[in-house]
Amino acid sequence: MSPPDDLLEAALEERDYYRAVAEQVGRKVLSDFSDLSRLITTLKRTETLLRSSGDELERKVEERTHAVMHANAELRAEVIERARAESSARESEEMYRLLAETSPDSITVVDLSSAIIMLNQQALHLYGIPAVEDAIGRSIFQWVPPGEQEKAALSFQRVLSGEILKGLELELTRHDGESFWASVNASLARRADGEPRFVIIVSTDITARKRAEAERLRSQKLESLGVLAGGIAHDFNNLLTAILGNIGLGLEFCSDDDLSQCLADAERASLRARDLTQQLLTFSRGGSPVKRRLSPLKVLAEAAQFGSMGANVRCELQVADDLWSVEADEGQLAQVLNNLVINAVQAMPEGGRVGIVADNRLLSEGTLLLPPGRYVRIRVSDSGVGIPSENLQRIFDPYFTTKSNGSGLGLAVAYSVVKSHFGSLEVDSQVERGSTFTLLLPACAMKVSSAPARARIHGSPTGKVLVVDDDPAVREVLVRLLTALGSTVVAVADGEAGVREYQEARKLGEPFALAIVDLTIPGGMGGREAVERIRAIDPEVKAVVSSGYSNDPVLAEYRAHGFCGVLPKPYKVSDLRRVLGEVLGERP
Ligand SMILES: Nc1ncnc2c1ncn2[C@@H]1O[C@H](COP(=O)(O)OP(=O)(O)OP(=O)(O)O)[C@@H](O)[C@H]1O
Ligand SMILES: [Mg+2]
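Rules and cut-offs
- Residues numbered from 1 in each chain as written.
- Chains lettered and ligands numbered in written order.
- Predicted model: local features only at pLDDT ≥ 70, side-chain atom pairs only at ≥ 80, totals over all residues.
- Heavy atoms only, no water.
- Pairing = 2+ DSSP bridges.
- Helix = DSSP H or I, 4+ residues; strand = E, 2+ residues; numbered from the N terminus.
- Axes fitted to C-alpha atoms, helices over the stretch in contact; angles between N-to-C directions.
- Contact = heavy atoms within 4.5 Å.
- 1 Å grid on protein atoms, 1.4 Å probe; cavity = no way out; pocket = protein on both sides within 12 Å on 5 of 7 lines; lining within 4 Å.
- Points joined across faces, edges and corners; volume = space filled by probe spheres on them.
- Nonpolar A, V, L, I, M, F, W, Y, C, P; charged D, E, K, R; others polar.
- Near = heavy atom within 4 Å.
- Polar contact = N/O pair within 3.5 Å; in protein donor to acceptor, adjacent residues only side chain to side chain.
- Areas by Shrake-Rupley, 256 points an atom, 1.4 Å probe, with all protein chains shown as cover.
- Patch = residues over 30% accessible without salt bridge, like charges linked within 9 Å, V, L, I, M, F, W, Y side chains within 5 Å.
- Salt bridge = Lys/Arg side-chain N within 4 Å of Asp/Glu carboxyl O.
- Phe/Tyr/Trp six-rings, centres within 6.5 Å; stacked < 30°, edge-to-face > 60°.
- Buried < 20%, exposed > 50% of the residue type's maximum accessible area, 1.4 Å probe, protein only.

Colleague: Just checking my understanding: could you explain the sheet that holds strand β16 (residues 543-547) for this structure?
Modeller: Pairing between sheet strands relies on hydrogen bonds along the backbone, with the strands arranged either parallel or antiparallel. The strand order across the open sheet built from 5 strands is β14-β13-β15-β16-β17, with neighbouring strands paired in parallel fashion. Of all the strands in the sheet, the pair left with one neighbour each is β14 (487-492) and β17 (565-568). Between one strand axis and the next, the sheet turns through 20° on average, direction left out of account. Pairing geometry for strand β13 (residues 463-468) and β14, over 6 bridges, is parallel. Opposite L466, over in β14, you have V490 as the bridge partner. Here helix α10 (residues 472-484) sits on the sheet and contacts β13, β14 and β15 (514-518); the angle it forms with β14, its principal contact strand, is near 170°.

Colleague: I'm lost on empty space enclosed by the protein in this one. Help?
Modeller: A probe matching the size of a water molecule, rolled over the atoms, marks out where space remains unfilled. According to the stated counting rule, one finds 2 cavities of 30 Å³ or more in the structure shown. Considered as a void within the structure, the largest cavity measures approximately 200 Å³ in volume. In terms of lining, the largest cavity is formed by 17 residues, of which the most central are I140, A152, L170, V184 and I201. Among the secondary structure elements, those contributing two or more residues to the lining of the largest cavity are α3 (146-160), β3 (165-173), β4 (179-190) and β5 (196-205). When grouped by side-chain class, the residues that make up the lining of the largest cavity number 15 nonpolar, 2 polar and no charged. Its boundaries defined by the atoms lining it, the second largest cavity holds a volume of some 30 Å³. Along its surface, the second largest cavity is lined by V467, V468, D469, L478, I516, V517, D518, S546 and Y571. Taken together, the elements giving at least two residues each to the lining of the second largest cavity come down to β13 and β15.

Colleague: Would you explain the site of ligand 1 in this entry?
Modeller: Residues in contact with ligand 1 amount to 21 residues; listed here are only the nearest, N343, T401, T402, K403 and S407. In this structure, D382 approaches ligand 1 through a side-chain N or O atom, which is 2.8 Å from a nitrogen atom. Within the backbone of L411, an N or O atom sits 2.8 Å from an oxygen atom of ligand 1. Surface burial for ligand 1 is 90%, taken as the share of its 590 Å² of free accessible area covered by protein chains. Elements with a contribution of two residues or more to the shell around ligand 1: α7 (330-346), α9 (410-420) and β12 (434-442). Looking at the shell around ligand 1 element by element, the count peaks at 3 residues for α7.

Colleague: Looking at this structure, how should I read a nonpolar patch on the surface?
Modeller: On the surface, L228, I232, F236, L239 and I243 cluster together into a nonpolar patch covering about 450 Å² of accessible area. You can see I232 is positioned in helix α4 (residues 207-253).

Colleague: Would you take a moment to explain the sheet that holds β5 for this structure?
Modeller: The sheet built from 5 strands is open, its strands ordered β2-β1-β5-β4-β3 with antiparallel pairing. Here the strands that pair on one side only, and so sit at the sheet edges, are β2 (116-119) and β3. Each neighbouring strand pair of the sheet contributes to a mean axis angle of 30°, computed without reference to strand direction. Note that β4 and β5 share 9 bridges and pair antiparallel. Along β5, the bridge assignment pairs S183 with T204. In this fold α3 packs onto β1 (106-110), β3, β4 and β5, with an angle of close to 150° to the strand it touches most, β3. Across the sheet, α4 lies against β3, β4 and β5, angled at about 130° from β4, the strand it touches most.

Colleague: Please clarify how the packing of aromatic side chains should be interpreted in this entry.
Modeller: The description of an aromatic ring pair uses the distance of the two centres, along with the angle that the planes make with each other. This structure, assessed with the given rule, holds 5 aromatic pairs. Considering the side-chain rings of Y127 and F180, the 6.1 Å spacing of their centres and the 70° angle between planes classify their relative orientation as edge-to-face. Here F180 lies in strand β4 and Y127 lies in helix α2 (residues 121-127), a separation of 53 residues in the sequence. An identical accessibility class is assigned to Y127 and F180; each is buried. Relative to F156, the ring of F141 has its centre 5.6 Å away and its plane inclined at 85°; by these criteria the two rings are edge-to-face. Note that F141 is positioned in the loop between α2 and α3 and F156 in helix α3, a separation of 15 residues in sequence.

Colleague: Teacher, can you tell me more about the pairing of strand β10 (residues 373-382) here?
Modeller: Remark: a regular strand shows side chains that alternate across the two faces of the sheet. Counting buried positions along β10 yields 7 of 10 residues, so the element is predominantly enclosed. The pairing of strand β9 (residues 352-363) with β10 spans 9 bridges and is antiparallel. Looking at β10, one finds that D359 is bridged to R377. Across 8 bridges, β10 lies against β12 in antiparallel orientation.

Colleague: Mind showing me how you'd approach the layout of surface pockets here?
Modeller: For the second largest pocket, the calculated volume is near 1,300 Å³. Considering the residues around the second largest pocket, the lining is formed by 36 residues, among which R211, L392, Q393, E426 and V427 are closest to the centre. Elements that contribute at least two residues to the lining of the second largest pocket include exactly β4, α4, α8 (389-392), α9, β11 (424-430) and β12. Considering each element in turn, the lining of the second largest pocket owes the most residues, 8 residues, to α4. Its residues assigned to classes, the lining of the second largest pocket shows 14 nonpolar, 10 polar and 12 charged.

Honestly, it's all geometry; don't read function into it.
Laid out in structure tokens, this is it:
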């Protein structure tokens, strides 16, 4: 081969080579190019994708941030709310604690088996429990006496079944055994899921109200009996006036010993009947005692003497040196003390000691029955049979008696007298140990003036006497008595006739020295009006008022009504003579 050929060949080879290379490269470039453009496309898509997912991410982040912020705010609000709830729970707990502590009622919380979980100060006080520890865990029923157990247990069951208990009145026993009345309210407290949890019991002490109610009932009973008793006693007194007057006359003019004895016995029986009538009259409606300021000493001494009359009973009297005086009807006060002393003596059939103690009491607070002030306290005690608790409420009732020969009026009378003297009468008694009756009477502010001066009795009254009485038997016996005492008597049946007689007698120049007038004349002019009319004729008239209602207020205040003497029926000859002496003795 020639060199140009060689050269050519080499050049051709080289050309081919480069062509191949070029081809190769070209193909490669081409494919690279498509790769690249694909790459670019991918890149672009990726970029777009990236951008859009970046946006999404940002949105999501934003969303999340927002949610977190919201949750934070909610959390913060909840924290605040919780804090507030906690403090208000604390406040409300404090409020309820204070409420329980300041409540005037007793509040006790018990579990479903009645065991005490909690109780307030008032409950401790009401039940007389020394300390909270003495009550926690113990049953609320421990203060319910046997007689009330059934009622209380039934009510508790009803509360457990969801009923609200209101105003159940129970007589309960304090820790020290003393009994008291409570009004009980109770309700069941439940858990949030409705399960019963505990029972809240709120009790109020209503002993004072109960006592006042019993007192009111007793007064009402006495009042209605008074209407009846007053009527009977009035008629009875008229009868007794006639009987006693005639007996008196018989005794005075009878020389036969046997007859005298009979009459004396009849007089004694009549006087006992008078005492019984007096007891009845004390109940009488409108009956007011004839009060004057007096020292109870005399009445006390007489009662003590009276108590010692039984052979085997000793009566000891103990009186404070400076004993205050009282404003009282002496007769009625004596009646009260005698009734108490007789009961004390009768309570000790085997004999024993009756103690009468009198002293001064200053009530700074006042009690249920009495306002604050100065009182004279009289206690009558015995060591006798005592009074069972079931009878304690009834002993002051009229006609309540446990004695075969008792009338059951003694304490009813005593109670009634004490009431009309604005005092109180209470009893404290234990079976087989004895009883103490405590009497409180308002004391007088001033010193006792000595007993009213008695006019001297100038023997028998002489002169003319006018008698005004609707009862013919009373008129008749008065005429006989006064005549026997040396007077001239004119007797009429009513006030009008009396005024007429008085006027006539003056006109004739034979005036009456005295008029004895009956206070109440059914269907006619009574004594008060008659004396008023007579006074218009003769301002100097001497008039004595008499009445079968021996505790009529007019008798108590006879001077204020224009009379100068008083003769409660029935009276003995000696009473009549004394009053006449007093009245006529006042004549200058
Ligand atoms: N000191 C006492 N000790 C025991 N029981 C008493 C005492 N005082 C009163 N009682 C009881 O109270 C009842 C009523 O007494 P009250 O004085 O009213 O009537 P009485 O004594 O039975 O009858 P009366 O007094 O009319 O003759 C008595 O029957 C008695 O049961
Ligand atoms: Mg009696």
